[in-house]
Amino acid sequence: MPGLLRGVARTAVVAGTATAVSNRVSRRQAGRWAQQSEPQEAYQQQPPPAPEPAPAAAPGDDMSTKIEQLKQLGDLKAQGLLTDEEFAAEKAKLLG
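Note that residues are indexed from 1 along each chain, following the sequence as it is written. The predicted nature of this model means local features are confined to residues of pLDDT at least 70 and side-chain atom pairs, given and counted, to a pLDDT of 80 or more, with totals for whole chains, interfaces and linings taken over all residues. With hydrogens and water stripped out, all remaining heavy atoms of the structure feed into the side-chain values.

Colleague: Explain the overall build of the protein chain to me, please; I cannot follow it from the model alone.
Modeller: Helical segments are the DSSP runs of H or I of at least four residues, strand segments are the runs of E of at least two, and each set is numbered from the N terminus. Along the protein chain, the regular secondary structure elements total three helices and zero strands. In sequence order, the protein chain lays out its α and β elements as α-α-α. Think of it in three bands: with a 1.4 Å probe and only protein chains considered, a residue is buried below 20% of the maximum accessible area for its type, exposed above 50%, and partly exposed in between. Within the protein chain, buried positions represent 6% of all 96 residues. Surface exposure of the protein chain reaches about 8,100 Å², of which carbon and sulfur atoms provide 58%. Residue exposure ignores everything except the shown protein chains as possible cover, and the areas themselves are Shrake-Rupley values with a 1.4 Å probe.

This is the structure in structure tokens:
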């Protein structure tokens with residue numbers, strides 16, 4: 001009987017230690033994740049800047065100005081700020 005009690009007591013100590021260590025690791029990880037998410041939350045709360053509209057071409061503009069404006073439109077589309085439809089509409093306006 002003393003051997004059985006000793007085995008049960010040893011199991012209880014090991015299980016208690018494992019539980020305490022597991023809880024401590026969980027709390028530490030939760031703290032680290034909370035610290036990491038704070039800067040991301042602050043970043044996500046800021047609204048993205050509004051894209052600048054492409055300036056409308058005046059009838060007297062030369063070809064180099066139109067090419068520069070097309071490049072700017074292409075950059076906005078590449079950045080994902082313009083959809084294909086918006087890009088096509090602005091391009092049509094620019095080219096007349």
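Colleague: What is the right way to read the nonpolar core from this model?
Modeller: In a soluble, globular protein the nonpolar side chains are often hidden away together inside. Residues Leu-73, Leu-76, Leu-82, Phe-87 and Leu-94 constitute the largest nonpolar core, which totals five residues. By definition, residues are in contact when any of their heavy atoms lie within 4.5 Å. Every residue in contact with Leu-82, bar those within four places of it in the chain, is listed here: Leu-73, Leu-76 and Lys-77. Residues belong to a common nonpolar core when they are buried Ala, Val, Leu, Ile, Met, Phe, Trp, Tyr or Cys residues joined through side-chain atoms within 4.5 Å.

Colleague: How should I be thinking about the packing of helix H2 (residues 63–78) against helix H3 (residues 84–95) in this particular structure?
Modeller: Angle between the axes and distance between the axes: these two values describe a pair of packed helices. For the pair H2 and H3, the least separation of the axes is 10 Å and the interaxial angle reads 175°. It follows from the interaxial angle that H2 and H3 lie roughly antiparallel. Contact with H2, carried on its side by Lys-66, Gln-69, Leu-70, Leu-73, Gly-74 and Lys-77, involves Asp-84, Phe-87, Glu-90, Lys-91, Leu-94 and Leu-95 of H3 and no other residues of that element. In the scheme used here, Gly and all other residues not listed as nonpolar or charged are polar, with Ala, Val, Leu, Ile, Met, Phe, Trp, Tyr, Cys and Pro taken as nonpolar and Asp, Glu, Lys and Arg as charged. Partitioned by chemical class, the residues of the contact of H2 with H3 number five nonpolar, two polar and five charged. Every angle, taken between N-to-C directions, lies between 0 and 180 degrees, and every axis is a line fitted to C-alpha atoms, over only the stretch in contact when it is a helix. By the definition adopted for this analysis, an angle is roughly parallel if under 35 degrees, roughly antiparallel if over 145, roughly perpendicular if from 65 to 115, and oblique otherwise.

Colleague: In this structure, what is going on with the packing of aromatic side chains? I would like to understand it.
Modeller: Any aromatic ring pair is given by two values, namely how distant the centres are and how the planes are angled relative to each other. Note on ring pairs: Phe, Tyr and Trp rings are taken, using the six-membered ring of Trp, and paired if centres are within 6.5 Å. Classes follow the plane angle, with under 30 degrees stacked, over 60 edge-to-face and the rest tilted. For the structure shown, the criterion picks out zero aromatic pairs. Of note, Lys-77 hangs over the ring of Phe-87, and the distance from its end group to the ring centre comes to 5.0 Å. By definition, being over a ring means that NZ of Lys or CZ of Arg is both within 6 Å of the ring centre and within 35 degrees of the ring normal.

Colleague: So what exactly am I meant to see when it comes to a positive patch on the surface here?
Modeller: Together, Arg-24, Arg-27, Arg-28 and Arg-32 line one region of the surface with positive charge. Its location among the elements puts Arg-28 in helix H1 (residues 2–45). In this analysis, a patch consists of residues with relative accessible area above 30% that form no salt bridge, clustered at 9 Å for like charges and at 5 Å for the nonpolar side chains Val, Leu, Ile, Met, Phe, Trp and Tyr. Counted as salt bridges are all cases of a side-chain nitrogen of Lys or Arg within 4 Å of a carboxyl oxygen of Asp or Glu. When charges are counted, Lys and Arg contribute as positive and Asp and Glu as negative, whereas His and the chain ends are disregarded. By convention, the point assigned to a charge is CZ for Arg, NZ for Lys, CD for Glu and CG for Asp.

Colleague: Before we go on, may I ask you to explain H3 in this structure?
Modeller: Since there are 3.6 residues in each turn of an α-helix, residues three or four apart along the chain are aligned in direction. Every helix has an expected span of 1.5 Å times one less than the residues it contains. Along its 12 residues, H3 runs 16 Å from first to last C-alpha, staying within 8% of the 16 Å computed at 1.5 Å per residue. Count one or two residues on from H3 and you reach Gly-96, which has phi positive near 85°.

Colleague: Help me understand the pattern of salt bridges, please; the structure alone is not making it clear to me.
Modeller: Pairs may arise between side chains of opposite charge once their charged atoms sit close together. Under the counting rule described, the total for this entry stands at two salt bridges. For the salt bridge of Lys-77 with Asp-84, the shortest nitrogen-to-oxygen distance reads 3.3 Å. For the salt bridge of Lys-93 with Glu-90, the shortest nitrogen-to-oxygen distance reads 3.4 Å. Linking Lys-93 with Glu-90, this pair stays in helix H3, spanning three residues, or about one helical turn. According to the relative accessible area criterion, Lys-93 is exposed, its value standing at 60%.

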